[in-house]
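If you want the building blocks of each chain, they are given just below.
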Amino acid sequence: MTTINKIVFELSGCLTGTKIQVLSQICKSILIATGKITMLEISRTTQRTYRTIQRFFALKDVAWSKFNMLIFKKFLRKQEDILLLAADETVEKKSGKHTYGISRFFSNIFKHTVPSVAFMAVSIISFKGKKSYPIAAEQIIKKENKKPEKDILPAKFKEKKEKKSVGRPKGSKNNKKKESKDVQYEVLKNLLTSVCSLLGDITVTYLLLDGYFANQYYIGLANEFKLHLISKLRSSVSLYFPYDGEQKKSGRKRKYGDKVAVEHLSKKYLQKRKVKDDCELEYYQFFAWNKNITDFELNVVVIKAISKKTKKVGYCYLFTTDLTLSYDKIVEYYSLRFQIEFNFRDAKQYFGLADFKNYKQAQVTNAVNISFFMCNIAYILAEEFKAFFKLQNVSILDIKAYYRTEL
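We now turn to the structure provided with this report. (Residues numbered from 1 in each chain as written. Predicted model: local features only at pLDDT ≥ 70, side-chain atom pairs only at ≥ 80, totals over all residues. Heavy atoms only, no water.)

With that out of the way, let us pick up the overall build of the protein. If you tally the helices and strands in the protein, you get 11 helices and 12 strands. Projected onto its principal axes, the C-alpha coordinates of the protein cover approximately 75 × 75 × 45 Å. Taken over 407 residues, the protein has a buried fraction of 45%. Across the protein, every contact between residues at least 6 apart in sequence was considered, and the portion connecting residues at least 24 apart equals 63%. Carbon and sulfur atoms make up 50% of the accessible area of the protein, which amounts to about 24,400 Å² in all. Counting 73 positive and 40 negative side-chain charges, the protein places the averaged centre of each group 5 Å from the other. (Helix = DSSP H or I, 4+ residues; strand = E, 2+ residues; numbered from the N terminus. Buried < 20%, exposed > 50% of the residue type's maximum accessible area, 1.4 Å probe, protein only. Contact = heavy atoms within 4.5 Å. Areas by Shrake-Rupley, 256 points an atom, 1.4 Å probe, with all protein chains shown as cover. Lys, Arg positive; Asp, Glu negative; His and termini not counted. Charge placed at Lys NZ, Arg CZ, Asp CG, Glu CD.)

Here is the structure:
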């Protein structure tokens, strides 16, 4: 059976022998720990001193994405499998003012902004195994907008300002709208650059993102890395069929046709109808344009859900930039995006993403990446336990209980 030492030994080309031994003991200690996963808790169940653990957490420029990719290729990759990339943001509430990158981020749990730290993670999702494996993570640093200081001088000391002329200045021209790219854009770009450089012989075609990222900037970002984006549109989105009428002989060609009315979609777009529980589902597929995404034609799937009891109707809009992908694959691939949420759950609940007390940049980066690294370690051990003990299901709690018996 594969042990933690054998898994970590695969990193011998990236770390020195002493650091590999320390990392192996840290991984084992995290599985043994019963309380919060902090440096002090880790040092209590290892043969190393607390100072040694501190020095390891203070290491700079540790190639965690390379570590995760190495053990994924060695232990987790399955033959003849379709692999997808998924990315999302996770927020963890933090108190105090000194933790690196602490700011106010919106939390889905609290439904409002809270003092917290935020991280963007990229995972590889196995289509065959229906599981997500974290590869890279980076902290999101929000640019604070400082308010201008108030002028406290009395009015009598202020110089009189010249009155501005009414109307538009003579000879002025319209300015082009500036791109409103958020902080997550740059972080995701850095992560995709790192992950795509490590893929090697792995072929990935699709990038799965939440509906928050369904805009032209992220579609263009996926296109830069030769990826097709699969995401979700808002229910209030305006879609237009491609124009199929006669074009003008000169001038710009028309692109937008009739507006899509989902309540009255033609039956020629209907792909499948099925009944699930007390709900009737209808799947429609068509090509469409969106005026906020002007550079890319979209392959749209509309899922219409009709309740048998209340007769209420709901709609879900999925899309991809791959115009050849069938409706069932779009639905199936996007449903796998939620697997990255289980990585966040495991990292927070079992491996210290919600517990770390570090506040300096290097320590915070290493603490977070160790928690995601431990997710992959646990997934490898779970498969080994299934084969060794001939079990159908093995949870992380089972693995932790097994390692506690070795104390």
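The end-to-end C-alpha distance of helix α6 (residues 183–198), which contains 16 residues, comes to 24 Å, matching closely the 22 Å that a straight helix rising 1.5 Å per residue would cover. Of the residues making up α6, those classed as buried are Gln 184, Tyr 185, Val 187, Leu 188, Leu 191, Leu 192 and Val 195. End-on, the buried residues of α6 take up no more than an arc of 160°, which puts them together on one face. On the buried face of α6, the contacting elements are α5 (64–76), β1 (83–93), β3 (112–126), β4 (131–140), β5 (204–208) and α7 (216–224). Of the residues one or two after α6, Gly 200 is the one with positive phi, at around 65°. (Expected span 1.5 Å × (residues − 1). Arc of directions from axis to C-beta.)

Secondary-structure assignment places Ser 126 in strand β3. A relative accessible area of 2% places Ser 126 in the buried class. In contact with Ser 126, other than residues within four places in its own chain, are Asp 81, Ile 82, Leu 83, Lys 131 and Tyr 133.

One pass over the structure, following the stated rule, counts 22 aromatic pairs. Geometrically, the ring pair formed by Phe 213 and Tyr 218 is edge-to-face, given 5.0 Å between the ring centres and 80° between the ring planes. An angle of 55° between the planes, with centres 6.2 Å apart, marks the rings of Tyr 350 and Phe 351 as tilted. For the pair shown, Tyr 350 and Phe 351 are each scored as buried. Through a chain of ring-to-ring contacts, the aromatic side chains of Phe 385, Phe 388, Phe 389, Tyr 402 and Tyr 403 assemble into a single cluster. Here the basic side chain of Lys 255 rests over the ring of Trp 289, its NZ or CZ set 4.4 Å away from the ring centre. Above the face of the Tyr 256 ring, Lys 291 is positioned so that its terminal group lies 5.4 Å from the ring centre. (Phe/Tyr/Trp six-rings, centres within 6.5 Å; stacked < 30°, edge-to-face > 60°. Lys NZ or Arg CZ within 6 Å of the ring centre and 35° of its normal.)

Their axes nearest at 11 Å, the elements α6 and α7 cross at an angle of 15°. Looking at the two axes, α6 sits roughly parallel to α7. Crossing angle aside, the handedness with which α6 passes α7 is right-handed. Within the contact between the two elements, α6 uses Gln 184, Tyr 185, Leu 188, Lys 189 and Leu 192 and α7 uses Tyr 217, Tyr 218, Leu 221 and Glu 224. Considered class by class, the residues forming the contact of α6 with α7 number six nonpolar, one polar and two charged. (Axes fitted to C-alpha atoms, helices over the stretch in contact; angles between N-to-C directions. Parallel < 35°, antiparallel > 145°, perpendicular 65-115°, else oblique. Left-handed = near helix turned anticlockwise from the far one by under 90°. Nonpolar A, V, L, I, M, F, W, Y, C, P; charged D, E, K, R; others polar.)

Residues Phe 388, Phe 389 and Leu 391 make up a contiguous nonpolar surface patch of roughly 300 Å² in combined accessible area. As for its placement among the helices and strands, Leu 391 is situated in the loop between α10 (361–389) and α11 (396–404). (Patch = residues over 30% accessible without salt bridge, like charges linked within 9 Å, V, L, I, M, F, W, Y side chains within 5 Å. Salt bridge = Lys/Arg side-chain N within 4 Å of Asp/Glu carboxyl O.)

Next up on the list: helix α8 (residues 327–335). When we look at burial in α8, the residues that qualify are Tyr 327, Ile 330, Tyr 333 and Tyr 334. The buried residues of α8 occupy one face: seen down the axis, they fall within an arc of 135°.

For the rest of this paragraph, the subject is unusual backbone geometry. Residue Lys 130 is not a glycine yet carries a positive backbone phi of 55°. Along the chain, the position of Lys 130 falls in the loop between β3 and β4. The phi angle at Lys 226 is positive, at roughly 60°, despite the residue not being glycine. Inspection of the secondary structure puts Lys 226 in the loop between α7 and β6 (228–233). Residue Lys 226 is classed as exposed on the basis of its relative accessible area of 74%.

Going through the model one piece at a time under the given rule, you end up with 11 salt bridges. Residue Arg 77 pairs with Asp 201 through a salt bridge whose shortest N-O separation is 3.3 Å. Residue Arg 77 is located in the loop between α5 and β1, and its partner Asp 201 is located in the loop between α6 and β5; the two are separated by 124 residues in the primary sequence. For Arg 77, a relative accessible area of 33% corresponds to the partly exposed category. You can call Asp 201 exposed: its relative accessible area is 57%. The partner of Lys 309 in a salt bridge is Asp 278, and the shortest N-O contact between them spans 3.7 Å. One end of the pair, Lys 309, is in the loop between β11 (293–307) and β12 (313–320); the other, Asp 278, is in the loop between β9 (270–276) and β10 (279–290), and 31 residues separate them in sequence. By sharing partners, the salt bridges in this structure join Asp 88, Arg 337 and Glu 341 into a single network.

In this structure, Leu 23, Phe 72, Leu 85, Phe 286, Phe 351 and Phe 373 are the most contacted members of the largest nonpolar core, which totals 108 residues. Examining the composition of this core, we find that 15 residues originate from one element, α10, more than from any other. Ignoring anything within four residues of it in the chain, the contact list for Leu 23 reads Val 8, Leu 11, Leu 15, Phe 56, Trp 64 and Phe 373. (Core = buried A, V, L, I, M, F, W, Y, C linked by side-chain atoms within 4.5 Å.)

Turning our eyes to something else, we now look at the pairing of β9. As judged from the six bridges shared by β9 and β10, these two strands associate in the antiparallel manner. What sits directly across from Arg 273, in β10, is Glu 282. Between the antiparallel neighbours β9 and β10 lie two residues, among them Asp 277 with a positive phi of about 55°. (Pairing = 2+ DSSP bridges.)

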